[in-house]
Amino acid sequence: MQDKVVVKDLYKIFGPEPDRALELLDQGLSKEEIFEQTRTTVGVQKADFSIREGEVFVVMGLSGSGKSTLVRMLNRLIEPTRGQVIVDGVDITQMSKQELITMRRRSMSMVFQSFALMPHKSVGENAAFGLEVSGMPKAERRERALQALDTVGLAVNADSYPDELSGGMKQRVGLARALATDAPILLMDEAFSALDPLIRTEMQDELVRLQTTQAHTIVFISHDLDEAIRIGDRIAIMEGGAIVQIGTPEDIVTNPANDYVRSFFYGVDVSKVFSAGDIASDRAITVFERTGVNVRAALAQLHDRGHSLGIVIDSDRHYRGMVSVNSLADAGRDSEHPHWEDAFLKQIQPASADTELSEVLSQVTSNEFPVPIVDTEGRYRGIVDKTVLLQTLDKTT
């Protein structure tokens, strides 16, 4: 996956002495110490990261951490004090005003927390507003707006007016307005935070659904941990204008960079963070289904290794079934030439590696046997048992 946006050594200093503030930063002074000496505020400091094409990159932090300033520098709504923002290989900090306007129209759209819909314009006209500003003919922009509204499920409301819509529907119009421009990059600043919890969850699901059918590169600002975990491919945590950690939700939960990051994720329900494949263990004995290895040979193998359970796989590591010492012994006793199917534990069903851990949890806790985990092609990935679950659930306690 290639990089869509690359940020290098990016700073934003607000106030009367930006050069002095940069010097003090280089000397190691904190944001608070610099303000005391210069009455100058460090908004963002030394931001270095890249955003991959097609990913949802969530930026989190407490109020004043610099997250909204950062996202507004990505399209130069706020001018950087120093550094580069490279989009598709081009540094936008070096663009002229006209080049910047063209880039915003073609490459980036922004969705704000406020719906910002014009009450005197219809839903369709609101969705087409960016296209109208860019000078697109009326018929063409109407068609593009309807396509975008259809994507978010509001095509039938195209001729309605904003005061006829619910809050969630209004935010969908805001999203459709961004989609109508066909810009590959969406900047979303607390886009769902003004919505009621239920509608907010629906919009998060809508965004995830859109990504599966029409992937954009999305930078999403949020202060909500559940939201970040729900939609983010990677999360960046900001403190004092600096990015202190970037990683997947699993990375950050299991290896927080410092106490500040740890405090964000303390007590989080990790069953909603991890998938079954993330924690699958290879501790089970694997038995290859091949010529010369039969039920009795497998039983001897388990006895020799001191294990009571085994996973039977074929030569391509496709999962075939789970066996136990008792099921193998029973199959060998009941038949002179027992088949593997005679020894498989019938009540055991494998789970997909991308299944949320919360869904696997009930299987593990209600069964005496572990749950085998397979990939999308049925290849064996490992097992999830009670021991693995307890170790994982203990990560944030």
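Here is what the cut-offs are and how they apply
- Residues numbered from 1 in each chain as written.
- Predicted model: local features only at pLDDT ≥ 70, side-chain atom pairs only at ≥ 80, totals over all residues.
- Heavy atoms only, no water.
- Helix = DSSP H or I, 4+ residues; strand = E, 2+ residues; numbered from the N terminus.
- Rg over C-alpha atoms; globule rule 2.2 N^0.38 Å.
- Buried < 20%, exposed > 50% of the residue type's maximum accessible area, 1.4 Å probe, protein only.
- Contact = heavy atoms within 4.5 Å.
- Areas by Shrake-Rupley, 256 points an atom, 1.4 Å probe, with all protein chains shown as cover.
- Lys, Arg positive; Asp, Glu negative; His and termini not counted.
- Charge placed at Lys NZ, Arg CZ, Asp CG, Glu CD.
- Phe/Tyr/Trp six-rings, centres within 6.5 Å; stacked < 30°, edge-to-face > 60°.
- Lys NZ or Arg CZ within 6 Å of the ring centre and 35° of its normal.
- Core = buried A, V, L, I, M, F, W, Y, C linked by side-chain atoms within 4.5 Å.
- Domains from an automatic or database assignment.
- Pairing = 2+ DSSP bridges.
- Right-handed = clockwise from strand over helix to strand, strands pointing away.
- Axes fitted to C-alpha atoms, helices over the stretch in contact; angles between N-to-C directions.
- Salt bridge = Lys/Arg side-chain N within 4 Å of Asp/Glu carboxyl O.
- Expected span 1.5 Å × (residues − 1).
- Arc of directions from axis to C-beta.
- Patch = residues over 30% accessible without salt bridge, like charges linked within 9 Å, V, L, I, M, F, W, Y side chains within 5 Å.

Student: How should I be thinking about the overall build of the protein chain in this particular structure?
Tutor: Helix and strand content of the protein chain: 18 helices and 16 strands. Its C-alpha atoms give the protein chain a radius of gyration of 27 Å, clearly above 21 Å, the size a compact globule of 397 residues would have. Classification of the 397 residues of the protein chain by burial places 50% in the buried group. Of the contacts made within the protein chain by residues no fewer than 6 positions apart, 65% connect residues no fewer than 24 positions apart. In the structure as shown, the protein chain presents an accessible area of about 19200 Å², 47% of it carried by carbon and sulfur atoms. Of the side chains in the protein chain, 42 bear a positive and 59 a negative charge, and the two mean positions are spaced by 4 Å.

Student: Help me out: how do you make sense of the packing of aromatic side chains in this one?
Tutor: The geometry of an aromatic ring pair comes down to the distance between the two centres and the angle between the two planes. Applying the stated rule across the entire model yields 1 aromatic pair. Here the guanidinium or amino end of Arg-82 rests over the ring plane of Tyr-11, the centre of that ring lying 4.5 Å away.

Student: Whenever I open this one, the nonpolar core confuses me. Can you help?
Tutor: Counting 59 residues, the largest nonpolar core has Leu-175, Met-188, Phe-220, Ile-237 and Phe-265 as its most contacted members. Looking at this core, the element that brings in the most residues is helix α8 (residues 167-180), giving 6 residues. Looking at which domains feed residues into this core, each of domain 1 (52-74 + 95-272) and domain 2 (277-394) gives three or more. Beyond its immediate sequence surroundings of up to four residues, Ile-237 is in contact with Met-60, Ala-242, Ile-243, Val-244, Gln-245, Ile-252, Tyr-260, Val-261, Phe-264 and Phe-265. Ranked by size, the runner-up nonpolar core spans 28 residues in total, among them Val-5, Leu-10, Val-44 and Ile-185.

Student: Can you walk me through the pairing of strand β15 (residues 371-374) in this structure?
Tutor: As a general feature of sheets, a regular strand has side chains that alternate between the two faces. Neither face of β15 is exposed, since Val-371 and Ile-373 on one face and Pro-372 and Val-374 on the opposite face are all buried. Pairing of strand β14 (residues 351-352) with β15 involves 2 bridges; the strand directions are parallel. From the neighbouring strand, Ala-351 faces β15, where its bridge partner is Ile-373. At this point the chain moves from β14, through helix α17 (residues 357-365), to the parallel β15, and the crossover so formed is right-handed. Bridge analysis of β15 against strand β16 (residues 380-384) gives 4 bridges, and the strand direction is antiparallel. If you follow Ile-373 over to β16, its bridge partner there is Gly-382. Between β15 and the antiparallel strand that follows it, β16, lie 5 residues; Gly-378 among them carries a positive phi value of about 85°.

Student: Before we go on, may I ask you to explain the domain arrangement of the protein chain in this structure?
Tutor: Where the parts come together, the accessible area they lose is often given as the size of the interface. For the protein chain, the domain assignment lists domain 1 (52-74 + 95-272) and domain 2 (277-394). Here domain 1 and domain 2 have C-alpha centroids that lie 43 Å from each other.

Student: What should I look at first to understand the sheet that holds strand β12 (residues 309-313) in this one?
Tutor: Whether parallel or antiparallel, the strands of a sheet pair through hydrogen bonds between backbone atoms. Within the open sheet, the 3 strands sit side by side as β11-β12-β13. Their pairing is mixed. In this open sheet, the two strands that pair with only one neighbour each are β11 (285-288) and β13 (319-324). The sheet shows a mean angle of 30° between the axes of neighbouring strands, direction not considered. In this sheet, β12 lies alongside β11 in parallel orientation, the contact comprising 4 bridges. Note that in β12 the partner of Val-287 across the bridge is Val-312.

Student: Any chance you could explain the pattern of salt bridges here in plain terms?
Tutor: Should their charged atoms come close, side chains of opposite charge can pair. For the structure on display, the rule yields 15 salt bridges. The partner of Arg-76 in a salt bridge is Glu-79, with the nearest N and O atoms 3.0 Å apart. In this structure Arg-76 comes out as buried when scored by relative accessible area, which is 11%. Glu-79 gets classed as partly exposed once you look at its relative accessible area, which sits at 39%. Salt bridges linked by common partners bring Glu-289, Arg-320 and Glu-341 together as one network.

Student: Just checking my understanding: could you explain helix α7 (residues 138-151) for this structure?
Tutor: Side chains of residues three or four places apart in an α-helix project in the same direction, reflecting 3.6 residues per turn. With 14 residues, α7 extends 20 Å between its outermost C-alpha atoms, agreeing within 8% with the 20 Å of an ideal straight helix rising 1.5 Å per residue. Among the residues making up α7, those that are buried are Arg-141, Ala-145, Ala-148 and Leu-149. Buried residues of α7 fall within an arc of 100° about the axis and therefore sit on the same side. Every exposed residue of α7 that faces more than 90 degrees away from the buried side is listed here: Ala-139 and Asp-150. If you follow the buried residues of α7, they end up packed against α5 (123-127), α6 (129-133) and α8. After α7 finishes, the residue Gly-153 shows a positive phi value of roughly 80°.

Student: Explain the sheet that holds strand β2 (residues 41-52) here, please?
Tutor: Sheet architecture is open: 4 strands sit in the order β2-β1-β4-β5, paired in antiparallel fashion. Each end of this open sheet is capped by a strand with a single partner; those strands are β2 and β5 (90-91). Here helix α1 (residues 18-26) sits on the sheet in contact with β1 (3-14), β2 and β4 (82-87), set at roughly 110° to β1.

Student: Please explain a negative patch on the surface as it appears in this structure.
Tutor: Taken together, Glu-32, Glu-33, Glu-36 and Glu-239 make up a surface patch of like negative charges. Ranked by residues supplied to the negative patch, first place goes to helix α2 (residues 31-38) with 3 residues. Residue position: Glu-33 is located in helix α2. Its relative accessible area of 39% is what places Glu-33 among the partly exposed residues.

Student: Got a minute to help me understand unusual backbone geometry in this structure?
Tutor: Although it is not a glycine, Asp-88 adopts a positive phi angle of roughly 50°. Tracing the backbone through its elements, the reader meets Asp-88 in the loop between β4 and β5. Assessed through its relative accessible area of 44%, Asp-88 is described here as partly exposed. In the Ramachandran plot, Arg-317 falls in the positive-phi region, its phi being about 65° despite a non-glycine side chain.

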